[in-house]
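Descriptive structure summary
Below are the chains, spelled out letter by letter.
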Amino acid sequence: MIEAEVHLSLHNFLRSQAGFPSWPHHLTMARLVARALRLGRSALIQVGAVCGHQGRYRTSFIASALMWHGSVIIVASETVQQRLLKVEIPRLQQWLPANKPIRTGDFWPSPDFQGLLLTSPEAWLKGQFADNNPFPANIPTIIDGVDDLEDWVRSELTQSIETHDWDQLMLAYPNEADLIREVRVELTYKLFQHPENPYHCYLISQPEIDILQDLYLALDKNHLPDTWRKFWQQFPNVEDSSSPTLFWATISRRQGLFSLNYAPLELGKILAPIWQRQPVVLIGSALEPETEAPLFRQRLGLEDVTCLKFAADSQGEAIQLYVPYKLPLPNTPEFQPALIHQVRTLVCLSATAPGMTVILIGDVPLKARVGAILASEFGSRVQVEKTCLDENGILITGWEFWRENQSVLPSPRLLIIATLPLPSLENPLVAGRVAHYKRSHQDWFRLYLLPTAMNELQRAIAPVRENQGIVALLDSRVVNRSYGVQILSSLSPLARLNYLDPSLFSTNNEDDSS
C-alpha cells in the first residue's frame with residue numbers, strides 16, 4: 001500500500017538528513033495523507049502552533065503527494081509555494097522513487113495531466129465558485145494553512161459596488177441618470193455623517209437601506225448591470241431576500257468616496273458542496289483545543305472527515321507565562337496607565353538580555369501612545385510595525401502585522417500582550433456577525449469571539465516557544481473571567497510566573513514551574 005511505501009521512503013530520507021529539523025510526527029502525518037489519497041477520504045490535521053509557524057510538517061504531505069500515483073492539487077500561499085518549489089520538493093526528489101511532473105498555475109493544465117499542481121487559495125476558491133470550474137472534480141486536494149481558510153472564503157465571496165459601478169448604472173439608465181446621481185450624493189452625505197472609527201467601515205443603516213430600496217423600485221429590472229443585479233438579489237427586504245448577508249460601507253474621507261460591500265454570514269451551506277467534489281486534506285496549526293474541531297467544521301460545512309491533532313512538545317515548546325493578578329480590567333480608565341507601567345517595567349528588566357521584544361496592542365490609539373512613550377525613553381530601538389529592527393529592538397505592533405510578518409522576524413525573547421485578541425464589537429463587521437448569532441439565538445461569545453481569540457493567541461505566541469521565551473499577558477480577564485481557564489489551557493505547555501525579576505531574562509536562567 002502507498003502508506004507503507006511512503007513510510008519507508010520518508011524514513012530513509014529523514015535518516016539521511018544531518019541536522020534536519022526534527023519533528024516526531026513526520027511519518028504519522030505522511031501515512032495519514034497517503035491513506036486519504038488512497039481511500040479518497042477527507043482529513044483535517046492540526047499540526048500545532050509551533051510546527052505550523054515553522055512549516056516543518058510540509059515535508060510529510062509533499063512526500064505523500066509526490067509518491068501517490070495519481071494527480072494531486074496543493075493549495076498554498078505564494079510564499080509557501082516558493083518554499084515547496086525551491087526547497088522541499090527538490091530535496092525529496094533526490095530520495096523518493098517518484099518522477100511526477102509539477103506545475104503551478106490558476107487552472108488545471110490539461111485533461112491528461114497526471115502530476116502535481118500548486119495553486120493559490122484565491123485561484124482555487126475562485127474556481128470552486130465559478131460556473132466553469134477550471135479544476136476537475138475528484139482530484140485529491142491538499143489545502144495548507146487552513147487557519148486562514150474562513151478569511152480566504154469571505155474575501156472571495158465579498159462583492160462590492162465601487163465608483164465605476166455607479167457610472168455603469170447611469171449608462172444603463174440614461175433617462176434616470178439625474179436620479180441615480182442624486183441617490184449617490186444623498187448616500188455620500190448619510191455615510192459621512194457616521195463618526196470616524198479605526199476600521200473606516202460602517203454597517204448599512206436603515207435610512208441608507210431605504211435610499212437604495214427606493215432607487216431599486218424606480219428602475220426597470222430588465223437592464224440592470226450584473227454587478228447591481230447581484231447586489232440587489234442579496235439586499236435586505238428587496239424581493240423578500242432571506243439569505244443571511246452582511247452589508248457594510250467602506251469610506252475614504254479624504255477622497256470623499258465610498259463603496260458598498262456585502263458578503264454571506266454563513267459559509268457552511270455554501271462550502272459543503274465543494275468538499276463533496278473531491279477528497280480534501282486540510283492542514284492547520286491550532287484550530288481548536290478539541291481534535292475533532294467541531295466549531296471549525298460546523299462553520300465551514302465539513303462533515304465526514306478523519307481528524308488528527310498532534311500534541312505539543314511539553315518540554316521543548318514550553319513558555320514562561322506572566323499574568324499579573326491585580327491589573328484593572330481593559331474597559332476601565334485605570335487600565336492604560338497601569339498597562340504602560342507594566343510595559344515599562346518589563347522592558348527595563350529585559351534591557352540587558354539579548355533578543356527582540358514584541359509588544360502586541362490591538363487598540364490603534366493605545367498602540368501609538370505606547371510607541372511614543374517608549375521611543376522617548378529607548379530611542380531608535382523602538383519601532384512601530386516595522387520589520388527592520390536592531391538585534392535587541394522593541395517592536396510595537398497590532399495583531400495583523402505580527403501574524404503576517406513573524407516569519408521574517410527573529411523569535412522574540414519577550415512578548416508582551418496588552419489585551420486578549422477578542423474581536424472588537426466596535427468593529428462594524430464583528431458587530432454584524434454577532435448580531436446574526438443573536439438573531440439565531442446562538443452563543444456568539446463561545447462560538448465566535450472566544451475561538452477566534454484562542455487561535456490568534458496560539459499563533460502569536462508560537463515564535464516565543466522556539467527559545468522558551470517569556471510571554472506577559474496583561475489582560476486580567478484571564479484570571480477574573482470563567483473563560484480564562486480555557487485560554488490558559490490552550491496556551492499549554494507553560495510555566496506560570498507570579499513575579500518579575502531581572503534574573504528571569506538571564507541566558508543562564510533555568511526554567512521553573514511555579
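Residues numbered from 1 in each chain as written. Predicted model: local features only at pLDDT ≥ 70, side-chain atom pairs only at ≥ 80, totals over all residues. Heavy atoms only, no water.

The name given to the chain in an unreviewed UniProt entry is Putative ATP-dependent DNA helicase DinG, with the source organism recorded as Dolichospermum compactum NIES-806.

**Looking at helix α14 (residues 335–349)**
With 15 residues, α14 ought to run about 21 Å at 1.5 Å a step, and its terminal C-alpha atoms sit 21 Å apart, in line with that. Three or more residues of α14 are buried, namely Phe335, Ala338, Leu339, Ile340, Gln342, Val343, Leu346, Val347 and Leu349. Packing partners of the buried residues in α14 comprise β12 (319–322), β13 (357–360), α15 (364–378), β15 (394–397), β16 (414–417) and β17 (470–473). (Helix = DSSP H or I, 4+ residues; strand = E, 2+ residues; numbered from the N terminus. Expected span 1.5 Å × (residues − 1). Buried < 20%, exposed > 50% of the residue type's maximum accessible area, 1.4 Å probe, protein only. Contact = heavy atoms within 4.5 Å.)

**Section: the packing of helix α8 (residues 163–172) against helix α9 (residues 177–191)**
With their axes 9 Å apart at the nearest point, α8 and α9 run at an angle of 155° to one another. When the axes of α8 and α9 are compared, the pair comes out roughly antiparallel. Touching Thr163, Trp166, Asp167, Leu169 and Met170 of α8 are Ala177, Ile180, Arg181, Val183, Arg184 and Leu187, all from α9. In terms of residue class, the contact of α8 with α9 is made up of 7 nonpolar, 1 polar and 3 charged. (Axes fitted to C-alpha atoms, helices over the stretch in contact; angles between N-to-C directions. Parallel < 35°, antiparallel > 145°, perpendicular 65-115°, else oblique. Nonpolar A, V, L, I, M, F, W, Y, C, P; charged D, E, K, R; others polar.)

**A look at a negative patch on the surface**
Together, Glu182, Glu186, Asp210 and Asp214 make up a region of like negative charge exposed at the surface. At the level of secondary structure, the elements contributing two or more residues to the negative patch comprise α9 and α10 (206–218). Locating Glu182 in the fold gives a position in helix α9. For Glu182, a relative accessible area of 53% puts it in the exposed group. (Patch = residues over 30% accessible without salt bridge, like charges linked within 9 Å, V, L, I, M, F, W, Y side chains within 5 Å. Areas by Shrake-Rupley, 256 points an atom, 1.4 Å probe, with all protein chains shown as cover. Salt bridge = Lys/Arg side-chain N within 4 Å of Asp/Glu carboxyl O. Lys, Arg positive; Asp, Glu negative; His and termini not counted. Charge placed at Lys NZ, Arg CZ, Asp CG, Glu CD.)

**Re the domain arrangement of the chain**
Where the parts come together, the accessible area they lose is often given as the size of the interface. Its domain assignment divides the chain into domain 1 (2–140 + 278–309), domain 2 (158–264) and domain 3 (319–504). One C-alpha centre belongs to domain 1, the other to domain 3; they are set 32 Å apart. Each side of the interface is counted separately: domain 1 has 10 residues, and domain 3 has 14 residues. Interface of domain 1 and domain 3: buried area, both sides summed, is about 1,000 Å²; carbon and sulfur atoms make up 60% of it. (Domains from an automatic or database assignment. Buried area = accessible area lost by both parts, 1.4 Å probe.)

**What about the UniProt feature "domain: ATP-dependent helicase C-terminal" (unreviewed entry) in the chain?**
If you check UniProt for "domain: ATP-dependent helicase C-terminal" (unreviewed entry), the listed places come out as residues 413–493 in our numbering. Helix makes up 56% of residues 413–493 and strand 10%, whereas the separation of the span's terminal C-alpha atoms amounts to 17 Å. (UniProt positions renumbered as here; feature names shortened; annotations may be inferred.)

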